[in-house]
Amino acid sequence: FSTLFTCSISLSVIFYPQTPMKKTKELIGDAGVTFSNAFTATPLCCPSRSSILTGKYPHNHLVRNNSISGNCSSTAWQKEAEPFAFPVYLNKMRYQTFYGGKYLNQYGSKDAGGVGHVPPGWDQWHALVGNSKYYNYTLSVNGKEENHGDNYEKDYLTDLVLNRSLHFLEERSPNHPFFMMLCPPSPHSPWTAAPQYQQSFSDVKAPRDGSFNMPGKDKHWLLRQPANPMPNSSIEYLDNAYRRRWQTLLSVDDMVEQLIKKLDSIKELNNTYIFYTSDHGYHTGQFSLPIDKRQLYEFDIRIPLLVRGPGIKPKQALQSPVLNIDLSMTILDIAGVNLSTVNMDGQSFLPQMAPSLRNGTERPFFLVEYTGEGNSSEDPSCPKLGPGLAECFPDCVCEDAFNNTYACVRTLKDANLQYCEFADNESFVEVYNLTSDPHQLENIVKKVDPALLQIMNQRLIKLESCTGDSCRNVK
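This one's a predicted model, so the numbers in the text were calculated from it and none came from an experiment.

How do you make sense of the sheet that holds strand E7 (residues 144-147) when you look at a structure like this?
Note: strands within a sheet are paired through backbone hydrogen bonds, in either parallel or antiparallel orientation. Taken together, the ten strands give an open sheet; going across it, the order is E7-E6-E5-E4-E8-E1-E9-E12-E2-E13, and neighbouring strands pair in mixed fashion. Edge positions in the sheet fall to E7 and strand E13 (316-318), since each has one partner strand and no second. Averaged over all pairs of adjacent strands, the angle between their axes in this sheet comes to 15°, without regard to strand direction. As paired elements, strand E4 (residues 96-102) and strand E5 (residues 124-128) share five bridges and run parallel to each other. The residue bridging Gly101 from the neighbouring strand is Ala127, located in E5.

Where do I start with the UniProt feature "modified residue: 3-oxoalanine (Cys)" (unreviewed entry) in the protein chain in this structure?
The UniProt record marks Cys45 with the feature "modified residue: 3-oxoalanine (Cys)" (unreviewed entry), using the residue numbering of this structure. One can find Cys45 in helix H2 (residues 45-54). Residue classification places Cys45 among the buried positions, given a relative accessible area of 1%. With near-sequence residues (within four places) excluded, Cys45 lies in contact with Asn66, Lys102, Asn105, His188, Asp279, His280 and Lys293.

It is not clear to me how the UniProt feature "domain: Sulfatase N-terminal" (unreviewed entry) in the protein chain should be interpreted in this structure. Could you clarify?
UniProt's entry tags residues 21-337 with the feature "domain: Sulfatase N-terminal" (unreviewed entry), counted in the numbering of this structure. The annotated region residues 21-337 carries 33% helix and 16% strand content, and the separation between its end C-alpha atoms amounts to 33 Å.

How do you make sense of the sheet that holds strand E19 (residues 417-422) when you look at a structure like this?
The antiparallel open sheet is built from four strands, whose spatial order is E15-E18-E19-E20. Looking at which strands have only one partner, the edges of the open sheet turn out to be strand E15 (365-370) and strand E20 (429-433). Going from strand to strand, the sheet's axes swing by 15° on average, the running direction of each strand aside. Pairing analysis gives five bridges linking E19 to E20, with the strands arranged antiparallel. Within the sheet, the bridge partner assigned to Tyr419 lies in E20 and is Val431.

Any chance you could explain unusual backbone geometry here in plain terms?
Glycine aside, negative phi is the norm for most residues, and most peptide bonds take the trans geometry. With an omega of 20°, the peptide bond running from Ser189 to Pro190 counts as cis. Here Phe393 and Pro394 are connected by a cis peptide whose omega angle stands at -15°. Among the secondary structure elements, Pro394 is positioned in the loop between strand E16 (389-392) and strand E17 (398-401). Phi is positive for Asn136, close to 55°, though the residue is something other than glycine. On the accessibility criterion, Asn136 (46% relative accessible area) is partly exposed.

Calculation notes
Residues numbered from 1 in each chain as written. Predicted model: local features only at pLDDT ≥ 70, side-chain atom pairs only at ≥ 80, totals over all residues. Heavy atoms only, no water. Pairing = 2+ DSSP bridges. Helix = DSSP H or I, 4+ residues; strand = E, 2+ residues; numbered from the N terminus. Axes fitted to C-alpha atoms, helices over the stretch in contact; angles between N-to-C directions. UniProt positions renumbered as here; feature names shortened; annotations may be inferred. Buried < 20%, exposed > 50% of the residue type's maximum accessible area, 1.4 Å probe, protein only. Contact = heavy atoms within 4.5 Å.

This is the structure we're talking about:
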């Protein structure tokens, strides 16, 4: 079987009744399975994407943030992690492999081998240098520098990724399976929509339900610092961001449609698994945080996950909890790799979506972890806040800090609970019952049975030090 994997970047959970991704929902979700409990192991770009590639929790792949000093696409990562990422296994199985779009935030930098570095396992490599852009960017095309301008027809990155992937499908050998990983910049900032979509969704605003514009009561100090209610300037900013993100996603929706048409025309659609997901969630106004990610709450750790393919019945909605560290194991399972030979923390979810093909059990609970990032000097635009903070915009609301470092255990099977511990001088703990409090408004750490807190603490300790099989077998 062949596989097509497309990932949008820093995506909010978009599959509400109203969504910009109508064709994607119909062509992948309705034709296969929608996972309603899909999560990232960490809610930030580079660590999360590293988890997708390696099938490992961050404490094992050691990517902490989006900087080279945080191990994002560093020479150490290239030496110690990339040779064991899932594309290497596919290549050994004689898969024809293609990568297009954003790779890792620091990819292509001079301190990390420049554009000449092509990670092992990829036959065709069309990777963005650095972070998300739509125009005026540089690509590494099979190790050669390729510069682009601002001509929509030639340079708009989402469309370029689509066009080159279509060319790859035309040129591939029909004698071997293929794997394609497409990572357009949408809907990451700077939220540059294609010209034909720049007036779309003019009346759309960020959802006002749940925790929108609510105070971060009884939460970690970073959630206690935003002004509440938010000033109008913050609300206007986040509404504009939400609308522009939707506009950029219309091109991704077109991409999915064109790829599926192409697979159908070359008689490969029924032989191909198609995954659609993201690297993390995104918030727009929840707990008065205007825009960003990096937080432990549902809006930042939940991701969309839609899959269609052989053996997957259509119109399935599955509750099984799955993680982005499971994606690589699932892809390798589909490819026929002996999973016992693979050193990864995740597990295949092929048994959940295609039980006729595989037997397997779902995990009872899992880990979410994050290492906070701050600046050693104060933000010049917000001098009153002092050093140690980061991402302080708009209106000097800071989204990250050195001590925004936490680990959580999340369970859905027996009880819908989240237990989190912070590595800070408060030793802060947050506990939520997601059944009675789906928007995490009340931290119940002082109300819950101490025996349950001890159980969750012990699970967290085991998960934070797990590796490989021990991550799948924590009791």
